[in-house]
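This is what each chain is made of:
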Amino acid sequence: MDTLSNLLREIWMRLARIVFFNRSQARFVVILGGPGFGKDTIAERLKERLGLPVLTTGSLLRAAIASGSALGQEIAPLVNSGKFVDDTVIMRLVREELAKPEYSHGAILNGIPRTVNQANALRSQLTWWGNKVNRVVMLEVEAEDVLERLSLRRICLNKSCNKTYHLKFAPPMQEGVCDSCKCALHTRQDDDPDVVRERLRVYGETFGPLRKFYEQSSLLTRVKSDNKKSVEEVVKDVIFTIEQFD
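Here is what the cut-offs are and how they apply
Residues numbered from 1 in each chain as written. Predicted model: local features only at pLDDT ≥ 70, side-chain atom pairs only at ≥ 80, totals over all residues. Heavy atoms only, no water. Pairing = 2+ DSSP bridges. Helix = DSSP H or I, 4+ residues; strand = E, 2+ residues; numbered from the N terminus. Contact = heavy atoms within 4.5 Å. Axes fitted to C-alpha atoms, helices over the stretch in contact; angles between N-to-C directions. Phe/Tyr/Trp six-rings, centres within 6.5 Å; stacked < 30°, edge-to-face > 60°. Lys NZ or Arg CZ within 6 Å of the ring centre and 35° of its normal. 1 Å grid on protein atoms, 1.4 Å probe; cavity = no way out; pocket = protein on both sides within 12 Å on 5 of 7 lines; lining within 4 Å. Points joined across faces, edges and corners; volume = space filled by probe spheres on them. Nonpolar A, V, L, I, M, F, W, Y, C, P; charged D, E, K, R; others polar. Buried < 20%, exposed > 50% of the residue type's maximum accessible area, 1.4 Å probe, protein only.

Chemist: Looking at this structure, I do not really get the sheet that holds strand β5 (residues 153–156). What am I missing?
Modeler: Within a beta sheet, neighbouring strands are joined by backbone hydrogen bonds and run either parallel or antiparallel to one another. Across the sheet, which stays open at both edges, the three strands sit in the order β6-β5-β7 with antiparallel pairing between neighbours. For this open sheet the edge positions go to β6 (164–166) and β7 (185–186), each flanked by a neighbour on one side alone. Sheet topology places β5 next to β6; three bridges connect them, and they run antiparallel. Bridging from a neighbouring strand, I155 pairs with T164 of β6. Each of β5 and β6 touches helix α7 (residues 143–151); the most contacted strand, β5, lies at about 40° to it.

As structure tokens, then:
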């Protein structure tokens, strides 16, 4: 049955590349990792190197809330209280966003998907367009390095900006002030060391099924990142693993 399913899927994808010709060369790269693993920084550097837009769950949720739509009003209390938004809602937002013309050449998916249900939904949607996830890069960082990163992280108070800085690795030009919008910077409550350790514990427990899902698909590559390596070194490792499997 699996063999037949795979054959039918391949036949459909060949037809879909004709129907959705403008998307036939699209490339999708997934960046995975826990809190403080550097997903945002790596994704932004890949954006420059690969010429692909970056898509994050956070940006989608913030846009939905800012729109004032019924869906935005529904998810606002969940987001503001730090609770998870249902997989179905997340993937609806992802599907609607990826359908836009600016993603016709692909995207860098930062932290998307987060669950096996989301991974299956993403695969189904990309298959419909004749596309697929080309490579999944899982960043690996030791707990002590994560603690150093997050304790020195600063976030712009302006929610429409939300730019992130690091006092050691990427400081603002003026102490305590955002380079982009000139608003004040602050430390997130969940960057407290005890909170970080708990977040890492939860990540370790919940990420296993998704990691296994992509390992079984032979799509996942692990890239080690630590505080002794520069961002450029990590980016080079990520680029290498993406191009190696293209």
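Chemist: Quick question: what am I supposed to make of the packing of aromatic side chains here?
Modeler: Working definition: an aromatic ring pair is given by the centre-to-centre distance plus the angle between the planes. Under the criterion given, the structure shown has five aromatic pairs. Residue placement shows R23 over the ring face of W129; its charged tip is 4.2 Å from the ring centre.

Chemist: Hey, could you run me through the layout of surface pockets in this one?
Modeler: For the second largest pocket, the calculated volume is near 320 Å³. Lining the second largest pocket are 17 residues; nearest its centre among them are R9, R123, K132, V133 and L219. Among the elements of the structure, α1 (2–19), α6 (116–128), β4 (133–140) and α9 (208–216) are those that each provide at least two residues to the lining of the second largest pocket. Among the residues making up the lining of the second largest pocket, the classes are represented as eight nonpolar, four polar and five charged.

Chemist: I'm lost on the environment of Y214 in this one. Help?
Modeler: On the secondary structure map, Y214 appears in helix α9. Accessibility expressed as a relative area gives 2% for Y214, which makes it buried. As for Y214 and K47, which are separated by 167 residues in sequence, their C-alpha atoms are 22 Å apart. Excluding its chain neighbours within four sequence positions, the residues that come into contact with Y214 are L32, P113, A119, L122, V133, V136, L219 and L220.

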